[in-house]
Every structure is written in C-alpha cells, then in structure tokens.
Amino acid sequence: MHKSNHMALLFLAGGICLSLTLGPSSSGAPASHTGAPGESTCAKSGCHDDKAINTGTAKVKIDPGTTGPYAPGKTYTLSVSITDAGSKRFGFQLTALDSLNAKAGKIKISDAESTQMLHNTFMLQDREYATYTFGGTGADSPGKKTWKLQWKAPASGTGPVTLYAAFVSANDDETDKGDHVYLHSIKLEELK
Ligand code: HEM
C-alpha cells in the first residue's frame, strides 16, 4: 500500500479514537485542557475560541481548604468556584502537579452528581483531572457555581504543588461559541 494511503488511514484511526474519547464536552471537558504545562485549554482552536482567555467578567477561585502550606498525606476539601452575573451554565477542569509537572497527590470525587474524574488515554496518562458532569454545569444560584472535591496531599519531600484549573462561563446555547474561558492556578508549599 502506498505510504500516503497508510498515513491517511493512521490519521483516520487516530481521529475516530479521539472523538470517541472526547464525547460532548457539556458532559465533562476532554482531559488535559487545564492550561497546565504540556496541556491545552478549553479555548483551543475549534473549541470555545471566539473570545480571548481571561477577558470576561467572571471571577474564578480555587480554595485549597488551607490558608497555609499543605501537610503531606492530609486530605483536603477543595472548593473550585466561579461567579459571573447573568451566566447560568459553567464548567471547569482541575489537575495537581509537582514542580517536575508530575501528578501530585490524589484527587477523590466526593460529589459524583456534579463532578467526575478523568484520565487522558493518549498522553500525560499519569495525570488526574477533576471536571464537571452534565448535571454539574447548572448555576447553584444566579451567576454562581462551586464544585467540591477532595485532594489527598502527596508524601513528604514532594515540595511545592500547583493546582491548575480552566473554567468556562457559558451562554447556555449548548454550543461552544459565545462562552468565556478562564485559566487560574495556585501554588501550595509543603509544610516542613
Ligand atoms: C476545561 C475545558 C472546557 C470546559 C470547562 C468546557 C465547558 C463547556 C460547557 C460549560 C459547555 C456548555 C456550553 C453552553 O451550553 O453554552 C460546553 C459545550 C461544548 N464544548 Fe466545552 N469545555 C471545555 C473544553 C472543550 C474542548 C477542548 C472542546 C473541543 C474539543 C469543547 C467543545 C464543546 C462543544 C462542541 C460544546 C457544545 C456541545 C455540547 O454541549 O457538548 N469543549 N463546554
């Protein structure tokens, strides 16, 4: 078989696998879109890309459940929130990485109604992603949404950990257009 046909077939197979993995994003953002090192964002070409990142009116926050350094091995309740007056639909994706950009600690889903855990089967397979479910995109109250999940901090000696998150404040038209994307990260030092 001629080489170019071979390549065409490979691309086709890859595309089919990817779309099978992706599924409709309103039921959870495809893995590896937090804006963390080596990753894309919700606003990659062809998806939620008609507005510049971090230019909308929303306020986003990652509350790690501690005001100071993290204690190795301790489990924290993370609150991931977005407020944007007038918006009725929201999404997020979060991952936790150490200073070598490897997975740090363990994400635990404590609210399966609104959140789910994802992995990327093609790349960055070690990373864990918390993201929303379809049922978890509706606002809790007008213009406000908070997702809660648990994070078990890594073992001592891991050092600083960064929580990366991407958010969408959506216009609820069930398309990926007209929405605003936000990127945010916080760094936690290790308690010595
Ligand atoms: C962490 C990143 C992402 C978040 C937080 C996110 C969030 C959302 C939300 C909240 C909606 C509902 C929009 C509305 O009703 O107005 C949505 C829809 C959509 N998103 Fe995303 N998204 C992300 C990444 C992506 C990516 C990477 C793609 C493309 C591969 C994508 C494609 C779509 C499409 C096609 C829709 C409309 C169809 C549907 O409802 O599924 N999204 N997304």
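Everything quoted here is computed from the prediction, not taken from an experiment.

**Student:** Please explain the sheet that holds strand β7 (residues 144-152) as it appears in this structure.
**Tutor:** The pairing of strands in a sheet comes from backbone hydrogen bonds and takes either a parallel or an antiparallel form. Pairing is antiparallel in the open sheet, where 4 strands are placed in the order β1-β2-β7-β4. Here the strands that pair on one side only, and so sit at the sheet edges, are β1 (59-63) and β4 (106-108). Across the sheet, the axes of successive neighbouring strands diverge by a mean angle of 25°, strand direction being ignored. By the bridge criterion, 9 bridges tie strand β2 (residues 75-83) to β7 in an arrangement that is antiparallel. When the sheet's bridge partners are listed, Ser81 is paired in β7 with Thr146.

**Student:** Can you walk me through the sheet that holds strand β3 (residues 89-98) in this structure?
**Tutor:** One open sheet accounts for 5 strands, arranged β5-β6-β3-β8-β9; its pairing is antiparallel. Every other strand in the sheet has two partners, leaving β5 (115-118) and β9 (180-188) as the edge strands with one partner each. Within this sheet the neighbouring strands show an average axis-to-axis angle of 20°, counted without direction. The pairing of β3 with strand β6 (residues 129-132) spans 2 bridges and is classified as antiparallel. Across the sheet, residue Leu94 finds its bridge partner in β6, namely Ala130.

**Student:** Just to check I follow, could you spell out the environment of Leu188 for this structure?
**Tutor:** Mapped onto the secondary structure, Leu188 falls in strand β9. Given the relative accessible area of 6%, Leu188 is considered buried. Between the alpha carbons of Leu188 and Thr67 there is a distance of 9.2 Å; along the sequence they are 121 residues apart. Here Leu188 is in contact with Pro64, Tyr70, Trp151, Pro160, Val161 and Leu163, once residues within four sequence places are set aside.

**Student:** Looking at this structure, I do not really get the side chain of His48. What am I missing?
**Tutor:** Here His48 shows up in the loop between α1 (3-22) and β1. For His48, a relative accessible area of 11% translates into the label buried. At 3.0 Å, the side chain of His48 forms a polar contact with the side chain of Asp179.

Rules and cut-offs
Residues numbered from 1 in each chain as written. Predicted model: local features only at pLDDT ≥ 70, side-chain atom pairs only at ≥ 80, totals over all residues. Heavy atoms only, no water. Pairing = 2+ DSSP bridges. Helix = DSSP H or I, 4+ residues; strand = E, 2+ residues; numbered from the N terminus. Axes fitted to C-alpha atoms, helices over the stretch in contact; angles between N-to-C directions. Buried < 20%, exposed > 50% of the residue type's maximum accessible area, 1.4 Å probe, protein only. Contact = heavy atoms within 4.5 Å. Polar contact = N/O pair within 3.5 Å; in protein donor to acceptor, adjacent residues only side chain to side chain.

All we've got here are geometric facts, nothing functional implied.
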